[in-house]
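# Observations on chain architecture
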Amino acid sequence: MRLWSGRGVLGLSPVPIPNRSVRFPIGLTGAAPTVIAALAGLTWIFWGDHAGAAVLGPTGILAVGAFVMVAEIRARAASRAARLYQRLADHSTDMIVSFDPETQKRSYVSPSCRQLYGYEPDEAMRMAATEIIHPDDFPNVRAALNQINGSGQGVVTYRGRRKDGIYIWVEASLTAFRNPTTAATEIVSVIRDISDRVRAESALRDAKRQAEAANHAKSEFLSTVSHELRTPLNAVIGFSEIMERELLGPIGNEKYRSYIVDIQRSGKLLLNVINDILDLSKAEAGKWELTEDVFDVEQTLRAVLRLLKPRLAEAGLSAAISLPTSLPLLRADERKTQQVFFNLLSNAVKFTPPGGRIDVVGQHDHANGITIRVRDTGIGIDPEKLECVFEPFMQIDSALSRKHSGTGLGLSVVRAIMEHHKGSVELKSDVGNGTEVILVFPAERVLEADESMRVSAHGVVRS
């Protein structure tokens, strides 16, 4: 378009201005065209004034116009983003609130306030925070707001009061930001109803407490019954031994002698079962205490093998112990450790066919402690069922297995004892290829060489 000076309007002679083509962005409306038009008018009026021409010439018009157009484009982009965020907030299922962290005065409340609290947004805008937040939870909310001053974000859970007076559990995700309009620091809170989750967590805690109480009652019952059964059982075993040895006179009938042997064996088997149940019940009730001592692992193992020697001979098995001569002493409960070895070796004898072999191998290193491996050439266990055998009263049937008596408590007791020693037990097996049980006593229970020598000098002698 052609721009002309305005001296003619004031009664002065007109001065022509060179042609300058000025194009506005397509669809551009707002401040930019208005400002450019005003500059063009001023230039037309004051073109004869050299100072005005120098300041308000065509180049100046274009520069100022470009600046105004860029500002206009940025303002439009910000406006579009603001409208987008507004639509997202208006349609969000979570309630969104913006407020001053000091005064708690709200600057925005999203429409989802109706579903969450039952208030209209303009009602919630006028309400104080104390009218909604439960009095007992308000200190937690205040603490979360104070924490945001340092981190910029936070999460707080509290009870919010609905319009009908019912309190619901809500979770608020808090984020600090600077309001671009007022330049003041505000908090954006995204609030959602978590009442169902809180109820589920509460029900889970109640169920856990009930299960623990039931387990404690069961353990107490088993402990009491085991004590009551063990007392008369000891008398049965003791009197059967007296009769077997004929201490008070000869047995008249040979059949009675065989019955006495059966009574004694059955009594000892039942006593072992009762002792296992008693040990497990004590462990579960947290009343199992360790009587720690310092002892030689090899001596303990050989003592167990001497006890099992008749059963090994009857089953037609051979057994060997292979431990390094430098194996240090162990600080543990010797009686319970002996029980671990007895249970493992008894299982090996029970499930190894005649002609098989049982090996006990040990090693020591400073990082892992003492490791004892009990290997047999028995029927083995399906690898998928290895973890199940540690469960109380669990027995794994196998097509290759012989029929054996037992309650399935042996390995449960072994695991409980090893856990009380802060150790571990692991099974490796396969059907038909035998079983290996790996015991690890932690390094903290192992006496180093100088400690072992001092203890040995005071009573622990290696054989």
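Attention in this report is confined to the structure presented alongside it.

Conventions and cut-offs
Residues numbered from 1 in each chain as written. Predicted model: local features only at pLDDT ≥ 70, side-chain atom pairs only at ≥ 80, totals over all residues. Heavy atoms only, no water. Helix = DSSP H or I, 4+ residues; strand = E, 2+ residues; numbered from the N terminus. Buried < 20%, exposed > 50% of the residue type's maximum accessible area, 1.4 Å probe, protein only. Contact = heavy atoms within 4.5 Å. Areas by Shrake-Rupley, 256 points an atom, 1.4 Å probe, with all protein chains shown as cover. 1 Å grid on protein atoms, 1.4 Å probe; cavity = no way out; pocket = protein on both sides within 12 Å on 5 of 7 lines; lining within 4 Å. Points joined across faces, edges and corners; volume = space filled by probe spheres on them. Nonpolar A, V, L, I, M, F, W, Y, C, P; charged D, E, K, R; others polar. Axes fitted to C-alpha atoms, helices over the stretch in contact; angles between N-to-C directions. Left-handed = near helix turned anticlockwise from the far one by under 90°. Pairing = 2+ DSSP bridges. Parallel < 35°, antiparallel > 145°, perpendicular 65-115°, else oblique.

### Side note on the overall build of the protein
Counting secondary structure elements, the protein contains 12 helices and 12 strands. Considering the protein as a whole, with its 463 residues, one finds that 36% of them fall into the buried category. Excluding contacts between residues fewer than 6 apart, the proportion of contacts in the protein whose partners are at least 24 apart in sequence is 62%. With the model as given, the accessible surface of the protein reaches about 27200 Å², and the carbon-plus-sulfur share is 57%.

### Observations concerning empty space enclosed by the protein
To find the voids left in a structure, one rolls a probe of water-molecule size over its atoms. On inspection of all chains with the given rule, the structure shows one cavity of 30 Å³ or more. If you add up the space inside the largest cavity, you get close to 230 Å³. Along its surface, the largest cavity is lined by 17 residues, and Phe99, Arg106, Ile133, Tyr158 and Ile191 are the ones closest to its centre. Taken together, the elements giving at least two residues each to the lining of the largest cavity come down to β1 (95-99), α6 (138-151), β3 (153-161), β4 (167-178) and β5 (185-193). Top element by residues in the lining of the largest cavity is β1. It accounts for three residues. Taken together, the residues of the lining of the largest cavity sort by class into 14 nonpolar, two polar and one charged.

### Looking at the packing of helix α10 (residues 334-350) against helix α11 (residues 410-420)
Between α10 and α11, the shortest axis-to-axis distance is 9 Å and the interhelical angle comes to 150°. Taken as a pair, α10 and α11 cross one another with a handedness that is left-handed. In this structure, α10 contributes Lys336, Gln339, Val340, Asn343, Leu344 and Asn347 to the contact, and α11 contributes Gly410, Leu411, Val413, Val414, Ile417 and Met418. Partitioning the contact of α10 with α11 into residue classes produces seven nonpolar, four polar and one charged.

### Here we look at unusual backbone geometry
As a rule of thumb, non-glycine residues mostly have phi less than zero, and peptide bonds are mostly trans rather than cis. Unusually for a residue other than glycine, Glu246 sits at a positive phi of about 55°. Tracing the sequence through the fold places Glu246 in the loop between α7 (195-245) and α8 (254-284). Glu246 sits in the partly exposed class, given a relative accessible area of 26%. At Lys422, a position not held by glycine, the phi torsion is positive, near 60°. You can see Lys422 is positioned in the loop between α11 and β11 (424-429).

### Regarding the sheet that holds β1
Taken together, the five strands give an open sheet; going across it, the order is β2-β1-β5-β4-β3, and neighbouring strands pair in antiparallel fashion. Since the sheet does not close on itself, it has two edges, and those belong to β2 (106-109) and β3, each with one partner. This sheet shows a mean twist of 25° between the axes of neighbouring strands, independent of strand direction. Here β1 runs beside β2; their pairing, made up of three bridges, is antiparallel. In the strand pairing of β2, Ser98 is matched with Tyr108.

### Let's talk about the packing of helix α9 (residues 297-315) against α10
At a minimum axis separation of 9 Å, α9 and α10 run at an interaxial angle of 30°. By the angle between their axes, α9 is roughly parallel relative to α10. Relative to α10, α9 is oriented so that their crossing is right-handed. Residues Val297, Thr300, Leu301, Ala303, Val304, Leu305, Leu307, Leu308, Arg311, Leu312 and Ala315 of α9 touch α10, and the partners they reach there are Glu334, Gln338, Phe341, Phe342, Leu345, Ser346 and Val349.

### Digging into the environment of Ala320
As for its placement among the helices and strands, Ala320 is situated in strand β7 (residues 318-322). Relative accessible area serves as the criterion here: at 25%, Ala320 is assigned to the partly exposed category. Put simply, Ala320 and Asp359 are 39 residues apart on the chain and 5.1 Å apart in space, counted from C-alpha to C-alpha. Those residues in contact with Ala320 that lie beyond four places of it in its chain are Arg357, Ile358, Asp359 and Val360.

### Side note on the sheet that holds β7
Hydrogen bonds along the backbone pair up the strands of a sheet, which may run parallel or antiparallel. Overall, mixed pairing links the five strands, which are arranged β7-β9-β10-β12-β11 in an open sheet. The open sheet has two free edges, formed respectively by β7 and β11, since each of these has just one partner strand. Across the sheet, the mean angle from the axis of one strand to that of its neighbour is 15°, orientation sign disregarded. Bridge count between β7 and strand β9 (residues 357-365): five bridges; the pairing is parallel.

Honestly, that's just the spatial picture; any functional story needs more than this.
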